[in-house]
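Per-entry structural report
Okay, here's what each chain looks like letter by letter:
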2 protein chains.
Amino acid sequence: MAAALDFQQMLRGAGLRVTRPRMAVLGAVFAHAHADTDSIIGVVRRELPEVSHQAVYDSLHALTAARLVRRIQPAGSVARYESRVGDNHHHVVCRSCGDIADVDCAVGEAPCLTASDDRGYSIDEAEVNYWGLCPACSAGPVPDRA
Amino acid sequence: MAAALDFQQMLRGAGLRVTRPRMAVLGAVFAHAHADTDSIIGVVRRELPEVSHQAVYDSLHALTAARLVRRIQPAGSVARYESRVGDNHHHVVCRSCGDIADVDCAVGEAPCLTASDDRGYSIDEAEVNYWGLCPACSAGPVPDRA
DNA sequence: CCGTTTTCTTGAACCTGTCAAGAAAACACT
DNA sequence: AGTGTTTTCTTGACAGGTTCAAGAAAACGG
């Protein structure tokens, strides 16, 4: 768990100005993994009630560009953010409730980064998403989505 | 390349009614891999100028549910559709222009379907996306996205 | 402390995709 | 073919998440 001073150093280390919205956004992403933008706005406003949603969007973009947080967006879902960066883990997404959990990479370092044929692309990242049902949804499946 | 009669049989085989919008949508997806909805609407309207966008959306949903086409949606992109289904291939996405190319699965059947720890989820599909720059963009990178 | 640069606020707009009601078309059966 | 039922298409409005734009405010370097 990182403290305010850590966040401040992270921002400065990334060449970003230290502002209260950014501090709060960074804290919110660290405290709530896989939160969507709306949830982050809610969390941030508990600390800074007057922040605009635009400030949160800008902060998230800046933090993402600085690689302090990672943006994930499974198909059919809104953007979500997480603080685990650089450890090459993957995600498992619930088809029913949209919940996301982390899955550590089975193979080791950069497992699937080697495409069989890169089609001439210069690949810098491999993303793996598992799709299924979370424990809660597979236990008592909701009747919709027939 | 499939012909009109093939499309008709595909629809009937999937238990779907054969309508002109669906035939045209199916043809458009087969002819234009990885096209987004807007492009598909444009292609379909070259053949049927009066189709509503809603009909295209409905057709795409019906075809997707029937597994005749596959919907793909990399993060930050709109929905795209492709006709290769059931052969477990992956995609490489250009960070700059958003272009998508197919990549055959290196490992074989269902390669990464085995998560190291499934977190209690019942996983039914593994999705792999490679991110990088396409040949055109890595050759002459556009100046934006600084 | 001051000036410059970046960031935040405010407010509106955009775009993909969805919802709803009625008209039209496709299929099954005779 | 003709008819009736069911599904699908048209039309039009709407929704949510995200972005754009202009000016005010805050952060940083000297």
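Relevant structure appears above.
Within any chain, residue numbers begin from 1 and follow the written order of that chain's sequence. Ligands are numbered from 1 and chains lettered from A, in the order in which they are written. Only residues with pLDDT of 70 or above have their local features reported here, since the model is predicted, and side-chain atom pairs are shown and tallied only from 80 upward, although totals for entire chains, interfaces and linings are computed over all residues. Values shown for side chains rest on all heavy atoms present in the structure; no hydrogens or waters enter the calculation.

Turning next to the relation of the copies chain B and chain A. Screw-axis analysis of chain B against chain A gives a translation of 0.1 Å along the axis, an RMSD of 0.3 Å, and a rotation angle of 178°. When the rotation and shift are considered jointly, the pair of chain copies conforms to a two-fold rotation axis. The position closest to the rotation axis in chain B is occupied by the C-alpha of Val128 of chain B, lying 2.3 Å away. In this description, contact between two residues means that some pair of their heavy atoms is separated by no more than 4.5 Å. The overlap is high: 100% of the interface residues of chain B also sit at the interface in chain A, so the same surface is used on both sides. The fit set for superposing copies consists of C-alpha atoms from residues with pLDDT of at least 70 in both; the fit itself is least squares.

To continue, consider the protein's contact with DNA strand C. Neighbouring DNA strand C are 21 residues, the closest being Thr19, Arg22 and Ser52 of chain A together with Val18 and His61 of chain B. Any residue with at least one heavy atom within 4 Å of a molecule or strand is counted as near it. Counting only atoms of DNA strand C within 4 Å of the protein, the fraction found in sugar and phosphate groups is 69%. Taking Arg17 of chain A, its side chain carries an N or O atom lying 3.1 Å from a base oxygen of DNA strand C. We call two N or O atoms a polar contact when they sit within 3.5 Å, provided that within protein one can donate a hydrogen and the other can accept it, with sequence-adjacent residues counted only if both atoms are side-chain atoms. Contacts to DNA strand C include Glu50 of chain A, whose backbone N or O atom sits 3.4 Å from a phosphate oxygen. Helix numbers and strand numbers start at the N terminus; a helix is a DSSP run of H or I with at least 4 residues, a strand a run of E with at least 2. Within the residue set of the surface near DNA strand C, elements represented by two or more residues are α2 (20-31) and α4 (53-65) of chain A together with α4 (53-65) of chain B. Tallying contributions element by element places α4 of chain B first for the surface near DNA strand C, with 4 residues. The nonpolar class holds Ala, Val, Leu, Ile, Met, Phe, Trp, Tyr, Cys and Pro. Asp, Glu, Lys and Arg form the charged class, and all remaining residues, Gly among them, are polar. Of the residues that constitute the surface near DNA strand C, the class distribution is 7 nonpolar, 8 polar and 6 charged.

The rule for a disulfide is simple: a pair of cysteine sulfur atoms within 2.5 Å. Within the structure shown, the criterion is met by 0 disulfides over all chains. As a non-bridged cysteine, Cys134 of chain A has Cys137 of chain A as the owner of its nearest cysteine sulfur, 3.6 Å distant.

Residue and element names in this part refer to chain B. Here His34 is to be found in the loop between α2 (20-31) and β1 (35-36). For every residue, the accessible area (1.4 Å probe, protein chains only) is compared with the maximum for its type, and the residue is labelled buried under 20%, exposed over 50%, or partly exposed between those bounds. When its relative accessible area of 8% is taken as the criterion, His34 is described as buried. Within the structure, the side chain of His34 is placed 2.8 Å from the side chain of Asp102, a separation counted as a polar contact. Aside from chain neighbours lying at most four places away, what touches His34 is Ile72, Arg80, Tyr81, Glu82, His91, Ile100, Ala101 and Asp102.

With that settled, consider the interface of chain B and chain A. If you look at the interface, chain B gives 39 residues, while chain A gives 39 residues. When chain B packs against chain A, close to 3000 Å² is buried across both sides, 50% of that on carbon and sulfur atoms. Summed over the three residues of chain B that lose the most area to chain A, namely Tyr121, Glu127 and Tyr130 of chain B, the buried surface amounts to 22% of that side. One side-chain nitrogen of Lys or Arg within 4 Å of one carboxyl oxygen of Asp or Glu is enough to make a salt bridge. Linking chain B to chain A there are 4 salt bridges. Where Arg95 of chain A meets Glu125 of chain B, a salt bridge forms, and the shortest distance between an N and an O atom there is 2.7 Å. Scanning the region where chain B abuts chain A turns up 18 residue pairs in polar contact (both at pLDDT 80 or more). Sorting the residues of the side of chain B that touches chain A by element identifies β4 (90-94), β5 (100-103), β6 (122-133) and α5 (135-139) of chain B as the ones contributing at least two each. Across the side of chain B that touches chain A, the residue classes break down as 21 nonpolar, 9 polar and 9 charged. For two strands to pair, DSSP has to find at least two bridges joining them. Inspection of the sheet shows strand β6 (residues 122-133) of chain A paired to β6 of chain B by 11 bridges, in the antiparallel sense. In the strand pairing of β6 of chain B, Tyr130 of chain A is matched with Ala126 of chain B. Two parts lose some accessible area (1.4 Å probe) when they are put together, and adding that loss for both gives the buried area.

Once that is clear, we can look at the pairing of β5 of chain B. A two-sided burial pattern is seen for β5 of chain B, the buried positions comprising Ile100 and Asp102 of chain B on one face and Ala101 and Val103 of chain B on the other. Following β4 of chain B, the chain reverses through 5 residues before pairing antiparallel with β5 of chain B; Gly98 of chain B in that reversal takes a positive phi of roughly 80°.

Our focus in this paragraph is the sheet that holds β6 of chain A. Pairing between sheet strands relies on hydrogen bonds along the backbone, with the strands arranged either parallel or antiparallel. Spatial ordering of the open sheet is given by β5(A)-β4(A)-β6(A)-β6(B)-β4(B)-β5(B), a layout of 6 strands whose pairing is mixed. The strands lining the two open edges of the sheet, one partner per strand, are β5 (100-103) of chain A together with β5 of chain B. For this sheet, the mean inter-axis angle between neighbouring strands, taken without regard to orientation, is 30°. The pairing of β4 of chain B with β5 of chain B spans 4 bridges and is classified as antiparallel. By the bridge assignment for β5 of chain B, His91 of chain B is matched with Asp102 of chain B. Each axis is a line fitted through C-alpha atoms, taken for helices only over the stretch in contact, and angles between the N-to-C directions span 0 to 180 degrees.

This paragraph deals with the protein's contact with DNA strand D. Around DNA strand D, a shell composed of 20 residues is seen, among which Val18 and His61 of chain A together with Thr19, Arg22 and Ser52 of chain B lie nearest. In the interface set of DNA strand D, defined as its atoms within 4 Å of the protein, sugar plus phosphate atoms amount to 69%. Tyr57 of chain A is positioned with one of its side-chain polar atoms (N or O) 2.9 Å from a phosphate oxygen of DNA strand D. Here Ala79 of chain A contributes a backbone N or O atom positioned 3.2 Å from a phosphate oxygen of DNA strand D. When contributions to the surface near DNA strand D are tallied by element, the ones reaching two or more residues are α4 of chain A together with α2 and α4 of chain B. Here the element with the most residues in the surface near DNA strand D is α4 of chain A; it accounts for 4 residues.

Scope: geometric values only; no functional claims are made or implied.
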